[in-house]
Amino acid sequence: MSDIRDREDAHEFRTEALSLWRITFAPLIWALHFVASYGATALVCAKGEAGAVEALLLGVILGTLVALALILWLGVQAWRQWDPRRDHEWENDKGTSEDRHQFLSHAGFLLAMISFIGVVYVALPVLLIGSCA
Amino acid sequence: MTRVHPLPTAEGPYPPTEEMLNAPVFEAEQERGAKELRAAWKTPEGWRYVTAVNNSEVGKWYSLTALAFMLIAGLLALAMRVQLAFPGMTFLDADRFNQFFTMHGSAMMFLFAVPMFEAISILILPAFLGARDMPFPRLSAYGYWCFLIGGIFVLGSLLFDAGPKAGWFMYPPLATKDEGIGPDIWLLGLSFIEVASIAAAVELIVGALKCRPPGMRVNIMPLYAWYVLVVGGMILFAFPPLIAGDFLFELERSFDWPFFDPTRGGDPILWQHLFWIFGHPEVYIVFLPSIAIAAMIVPTVAQRPIVGYSWIVLSAVGTGFLSFGLWVHHMFTTGLPQISLGFFSAASEAVVIPTGIQIFAFVATLMVGRVKLTLPMLWIAGALAIFVAGGLTGVMLAIVPFNWQVHDTYFIVAHLHYTLFGGMVFPVIAGVYYFYPFFTKKLMSEKLGLWAFWLIFSGFNITFLPMHLTGLMGMPRRVFTYPESSGWGWLNLISTLGAFIVAAGFAVFVYDLLRPKKAQGEIARNPWGAGTLEFSHDVPEEAWGARSVPHITSRYPLWDQPKLVERMDAGRYYLPDAPDHQRETIVTSVIDAKPVHVQRVTGPAWITILAAIFTGGAFIFPTFHIYTPAIICGAFAIVCVMYWLWTSTARPPKEEMREAGLGLRLPTYASGPQSVGWWGMWITMLGDATAFASVVFGFFFYWTARADFPPEGAAHPVGLWVAVAALAGVAAWALTVAARETNARGQVTLARLALVLAPLAAGAAGVAAWAAVRDLDPTSHVYPAILWALMVWLVVHLAAGVLMQGYCLAGSIFGKLTPRYDADLRNVTLYWHFMAVKALVTAAVLGLAPGWLT
């Protein structure tokens, strides 16, 4: 019989013991990238001088690369923590700290994938359209 | 932080062992517990019934009211269909037709779709979680009464021929120039309801995070709770921009501050942005909780766990985020730069991925299970068919050139009804059939259900499928009639016939829902063989929610934990009694649902109804430009809310610890992040900060959109006063923090001194902010107007902060707030953290931005 004051869970799977926020990091990067791209475009198209559009395109591409790199890094982190190759367990439906731990990283990994796709989608118009008109 | 008197923490064995759970409970003990619980949770009788705050009562009223509003909005639609049945009809005149379509859309969205989510969640979320009630029952009741008053007010305007008539999105300048009071009714009446919606969202988020049963970790909580979390979060970020927009809009209507008037530097497009930043996520706010119902029904009909639980969580969270990147696809024709349109087109296509994933997960579950085609499943199948069709036209509409082509035609009407019927109406009806045995202890008729389904399903398609074609042939939305030569007549006639078939279907459904079912006798406790906790409910009805709060170790406890129900009934689990005849529920930790403390929840009261009536007055009087009674009502509303908080929340407990069952001893008081009140404050402040950010966004929007912002030679705020406001605001925050710290150390006198000085500093900040802009004329141009709006926003929030500080000071003096029991002060300090940021940002915009921008 264990006591409720024991904290062995917290040591074993310390990484996400603090909060649920971690799984939202990748979509948050998508949101920041989206707002920054949209805001910068609105500014440049309204106030920009000649040559500003080229600078904008370059800026959005660089921003996209940074965002993708961050999301990729989060995705790799989550993959390692999820580690489906170790126990071939996909459902994580038991009320144990291990399953909770793996579930959160699985969800985090999937969210990183969808955020990656989202960022790529948002960057496409810059490459394909490339003008304010 | 150092505490001289730390609060106790939970102690005892956890998790419970099989041996502990097998120990029998003596019969006398069982009876004592049941008797005490029955006394504590007794529903008030007779005319006092309206004072009930229990989630099962409030949830029922809420759902039935939303249903009634939906039926009224549906009748408006029928009247419009009659008018459009033939070319040149005169059943409705143009003005009445405008009022009807405006009210149809507004009522369906604000009085039916969103409130229905909240109603259903209030009704069933605690049951999914084996909780006794929501954490703040009186807040739900208050929200319900606000909703009822606001809804009757808004719909009632039609009877006086005074309804709003500018369409459900109220575009200026049409709506700002409207001579009647219609737009004011829309703005104030619906703002009032939006506040209630946010209140419910706070309640539901805290409920899903903190009121889960012991052991229900995040990886095994019902999918419905995941959806509630996501949708609650979306409401917090989607509704505030609309509230900020309403605030600006009403300032223009009442005081002629020209936010949307281009002749004085304003811009109607700002309203479109604020409206659709709300309006698009709104679609998903309506859709996700309904699809969450499907996520609960599908495993039951397939008699197996859902396939891809993590994938569905991904889908809910991902959709929640991506849906905020779509709003401009309602504004493709406003002349924004091509690249900007491209971003939104791309995001609109991307959101299809998570939406599709959840539908595939449902289909996969059905494929691997053994499906019984019950009524709820039939409605879910109908929902999937209709929603997929609506989703496909959505993909078409995300493409900019196609969107231009069909903009503002009946194609849009067809698309949106396909998504909303498939994504909301059908799943909700499926939910009604599925949960009906849970909330009424009766079953609905199989035969009538089939009739209702086929009438509504076929009628729906007969009405809306032809509309795609009507739209492609060029019929615009919102015209009250059309000429015969247009060639749209036969399509409109088909649509009108279909609308009557839908109406007949609803008549059958509503009759079956409301008819007395006395003859039916007692039903089985778990008629569908479901695996989730709500079907452990008591038959016949008991008001206590769960007889004892179980320890959960599986996603489908009724399937996987064989002795669960028997042990719950015997009071083998947690909180099996109520020695003080007080309503209580168990609060657990966010991730792993470890028991943290026992939360007292509030009981029946008149004060919530009074508070709602006065709040109603504060919103409704300004519609008629009557301000003194509005201010008096506002003051009384504040007094009511304070009275209710003072008398029934965070009072020092009689006993510090409570025997919670199974040897576990839990504290009865919590403060700071452990307490539900702190979470409520934190979540509310996130929403409030979003509204503030929307007003600040307005400032910078004008700067990008208008060359004359700020206008040349404009007067600017007085720098000195701006600086004083910033400093005094920060001082008020620092003093509040100091009060918290000194109080926790036991230096009560110092804490009280800080609580005397803090409101003074806050008052000084408010006066200084006013002094900074008082010489500017807000009616002359949008630049001074937006500065004034920021000042007003800051002063109102400072005033609320002052009331809170005063509340804590009074608490300290009268013994409600002590060094040990300081939850109120911690919550107020949290408010002031946000307040300090707001004061600094406002000061930066007032004092610094003009310098940077010119």
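Residues numbered from 1 in each chain as written. Chains lettered and ligands numbered in written order. Predicted model: local features only at pLDDT ≥ 70, side-chain atom pairs only at ≥ 80, totals over all residues.

Participant: Sorry if this is basic, but what is going on with the interface of chain A and chain B here?
Facilitator: Opposite the 48 residues of chain A that make contact, chain B presents 47 residues. For the side of chain A that touches chain B, the secondary structure elements donating two or more residues are α2 (25-47) and α5 (97-128) of chain A. When residues in the side of chain A that touches chain B are grouped by element, the largest group, 17 residues, is from α5 of chain A. Residues that form the side of chain A that touches chain B fall into these classes: 29 nonpolar, 10 polar and nine charged. (Contact = placed C-beta atoms within 7 Å. Helix = DSSP H or I, 4+ residues; strand = E, 2+ residues; numbered from the N terminus. Nonpolar A, V, L, I, M, F, W, Y, C, P; charged D, E, K, R; others polar.)

Participant: When you look at the domain arrangement of chain B in this model, what are you seeing that I'm missing?
Facilitator: One frequently used descriptor of interface size is the decrease in accessible area upon assembly of the parts. All names here are of chain B. If you check the domain split of chain B, you get domain 1 (55-520) and domain 2 (697-853). Of note, the centres of domain 1 and domain 2, computed from C-alpha atoms alone, are 37 Å apart. Domain 1 puts 13 residues into the contact, and the matching count from domain 2 is 17 residues. When residues of the side of domain 1 that touches domain 2 are traced back to their parent elements, those giving at least two are α8 (223-255) and α9 (268-302). With three residues, α9 is the largest single contributor of residues to the side of domain 1 that touches domain 2. (Domains from an automatic or database assignment.)

Participant: Quick question: what am I supposed to make of the pairing of strand β2 (residues 595-600) of chain B here?
Facilitator: For a regular strand, the rule is simple: side chains alternate between the two faces of the sheet. Residues and elements named next belong to chain B. In terms of burial, β2 is largely enclosed, as five of its six residues are buried. As paired strands, strand β1 (residues 584-588) and β2 are joined by five bridges and run antiparallel to one another. Each bridged residue has a counterpart across the sheet, and for T585 the counterpart in β2 is Q599. Where β1 hands over to β2, the hairpin turn is made up of six residues, of which A593 adopts a positive phi near 55 degrees. (Buried ≥ 20, exposed ≤ 12 C-beta atoms within 10 Å, placed from the backbone. Pairing = 2+ DSSP bridges.)

Participant: Help me understand the nonpolar core, please; the structure alone is not making it clear to me.
Facilitator: All names here are of chain B. Ranked by size, the top nonpolar core spans 337 residues in total, and within it A347, A430 and A725 carry the most contacts. The dominant element in this core, judged by the number of residues it contributes, is α9, at 23 residues. For this core, the two domains that each supply at least three residues are domain 1 (55-520) and domain 2 (697-853). Setting aside residues no more than four positions away along its own chain, A725 makes contact with A765, A768, A769, A772, A839 and A843. (Core = buried A, V, L, I, M, F, W, Y, C linked by C-beta atoms within 7 Å.)

Participant: Got a minute to help me understand the packing of helix α7 (residues 182-210) of chain B against helix α22 (residues 676-705) of chain B in this structure?
Facilitator: When two helices pack together, their arrangement is given by the angle between the helix axes and by the axis-to-axis distance. Residues and elements named next belong to chain B. In contact at an axis separation of 9 Å, α7 and α22 are set at 135 degrees when each is read in the N-to-C sense. In terms of orientation, α7 and α22 fall into the oblique class. Handedness of the α7/α22 crossing: right-handed. Contacts from I198, V202, I205, V206, L209 and K210 in α7 reach V676, W679, G680, I683, T684 and G687 in α22. Classifying every residue of the contact of α7 with α22 gives eight nonpolar, three polar and one charged. (Axes fitted to C-alpha atoms, helices over the stretch in contact; angles between N-to-C directions. Parallel < 35°, antiparallel > 145°, perpendicular 65-115°, else oblique. Left-handed = near helix turned anticlockwise from the far one by under 90°.)

Participant: I keep staring at unusual backbone geometry and nothing clicks. Help me out?
Facilitator: Excluding glycine, residues mostly have negative phi values, and the peptide bonds linking residues are mostly trans. Residues and elements named next belong to chain B. The omega angle of the peptide bond from P172 to P173 is 0 degrees, so this bond is cis rather than trans. P540 follows V539 through a cis peptide bond whose omega is -5 degrees. Assignment of secondary structure puts P540 in the loop between α17 (489-514) and α18 (557-560). With a phi angle near 65 degrees, D408 is a residue other than glycine that sits in the positive phi range. Within the element layout of this structure, D408 appears in the loop between α14 (400-406) and α15 (410-440). Classification of D408 by C-beta neighbours within 10 Å gives exposed; the count is 12. At K441, a residue that is not glycine, the phi angle is positive and equals roughly 65 degrees. Among the secondary structure elements, K441 is positioned in the loop between α15 and α16 (446-472).

Participant: So what exactly am I meant to see when it comes to the environment of S486 of chain B here?
Facilitator: Residues and elements named next belong to chain B. Within the secondary structure, S486 is located in the loop between α16 and α17. S486 sits in the partly exposed class, given 15 other C-beta atoms within 10 Å. Here the alpha-carbon distance between S486 and M475, two residues 11 residues apart in the chain, equals 8.3 Å.

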